Every structure is written in C-alpha cells, then in structure tokens.
Amino acid sequence: MSLPPGILARGPWAIDQIVATWDADHYEPSSAATDAADAAIAALAERGSPSHDGHAARLVDWSLSDAGRLSLQLQPIRWALRLLEDDTCSSMASLCVIRDAQGRWLAGRRAAWLSTWAGRWALGAGGAVDLGESPADTLTRELREEWSVAPERVQGEALVRLPKQMIMFVGQAWLAAGVEDDVVPDAEHDEFAWWPADIDAWPAEADDPLRYMARLLDASGPAPG
C-alpha cells in the first residue's frame, strides 16, 4: 500500500536520542520488483556508473518516546530496489545538510552518472544507510566520504517519506570556522558552491524544494543536550 509523502517525525534530536535496531530477516520483494531492480542496475552500468548492487536499509517502523527519543526499526533490503520508478519499498537514505560557521549552505551539482537527481543541485551529502548502520551515523559518514570533512556539531532534524515511498532521515551539520576551506568534493559532484546564509539570496539553480527544506531547517533550534 502506497502512503502519502510527508514529514513523519520532526526533531531536532541529539545523535544519542536516535536509536536504530535491525531485524534479522531480509525484505523479500515481489518477482516484478526484483526484475525491475535487475533492469535498473543494468541501465546504470550502461551509463558508466560505478554504482554497484548490495544491501542497505529499509524502514519497518518508527516511534517517538515521551522523552523525545526517536526509535527506528530497520531491516536489510536489496540496494537496487531504491531505483524503482513507482515504489522503492521504504528503502532508507540519510541526508546531511551542511552549514559553515557563517551559516552558509554547502551545495553541489550531482554528476550525470548518478542514479538519483543527476545533473541537479543538492544540499550537503546523502546516500543509502549501510547494512547494520544507524541513519544518524550515515550523516557523518556521507559528509566525510563526499566532502572530506568532519562536523563540529550534528543533529537529526526530520524523518520524511518522499514520493515513491523512499524514507529520508534528514540531519544538519555545522563545520568549525575555517574548515569550509578544507572541503573537497568527491566524484559524485562536478561543481560546488557555498550558498549565502540568507535563503532569499540563493542563486537561480536553487530550486523550490531546496528552498523549502532550507527554510524548515533554518527555523530549527539546537537539539536538547
């Protein structure tokens, strides 16, 4: 059953308030979904993408305690199912939006060979939650892998259901003063820029969904410590 997109839970959460548990059983897709995933991964290879199939995370359930703790129940799922056009089977990814000490936003244009949002500008770093990993830990791993820096502070912001049933855990990270000069993009980005702290001053390539998300994050306070 397809569920409507929207915000499932809203933080902010400190990293130690986010608890992930993993089921032992792997998700079993339909034969039609398996065939579609086979075709999608083959199409990526034909485009010259270095992406490879494997296992990632699927959101089974979530809950929010009275104390504000976010609990995520995950299970292993085939990575390529996130490529399906109509239903990604609740495959899970994390997005780490990155700010510098002046409040500017790190944006990168995604390379043409990528499986999602190819050629589009995006904020921060993001990717699939690895097998056995907490989505909170995915935030800093992706930041390190895609931009070669570590945050001074990071917090969880929201759990979101996207169209096509993809689940996104969104976090926000801040770099220490001067670290913005150490940013080095990986092969997933062919251009990057620091967009102004003032979202109204962003360039034309910043589309409306990016601006909407940034305004929500800009209004977020610090996570309880």
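Let me begin by describing the structure that accompanies this report. (Residues numbered from 1 in each chain as written. Predicted model: local features only at pLDDT ≥ 70, side-chain atom pairs only at ≥ 80, totals over all residues. Heavy atoms only, no water.)

1. With respect to the sheet that holds strand 3 (residues 55-64)
Spatial strand order, 2-4-3: three strands in an open sheet with mixed pairing. In this open sheet, the two edge strands, each paired with only one partner strand, are strand 2 (18-22) and strand 3. Direction aside, neighbouring strands of the sheet carry axes that sit 30 degrees apart on average. Two strands pair when backbone bridges link them, and strand 3 and strand 4 (residues 70-78) are joined in this way by nine bridges, in the antiparallel orientation. The partner of Trp62 across the bridge, within strand 4, is Leu72. (Pairing = 2+ DSSP bridges. Helix = DSSP H or I, 4+ residues; strand = E, 2+ residues; numbered from the N terminus. Axes fitted to C-alpha atoms, helices over the stretch in contact; angles between N-to-C directions.)

2. Structural notes on the environment of Trp202
With respect to the secondary-structure elements, Trp202 resides in the loop between strand 11 (189-195) and helix 3 (208-218). A relative accessible area of 5% means that Trp202 is categorised as buried. Note: C-alpha distance between Trp202 and Trp105 (97 residues apart in sequence) is 9.6 Å. When residues no more than four places from it in sequence are discounted, the contact partners of Trp202 are Trp105, Leu123, Trp195, Pro196, Leu210, Arg211 and Ala214. At 2.8 Å, the side chain of Trp202 and the backbone oxygen of Pro196 are in polar contact. (Buried < 20%, exposed > 50% of the residue type's maximum accessible area, 1.4 Å probe, protein only. Contact = heavy atoms within 4.5 Å. Polar contact = N/O pair within 3.5 Å; in protein donor to acceptor, adjacent residues only side chain to side chain.)

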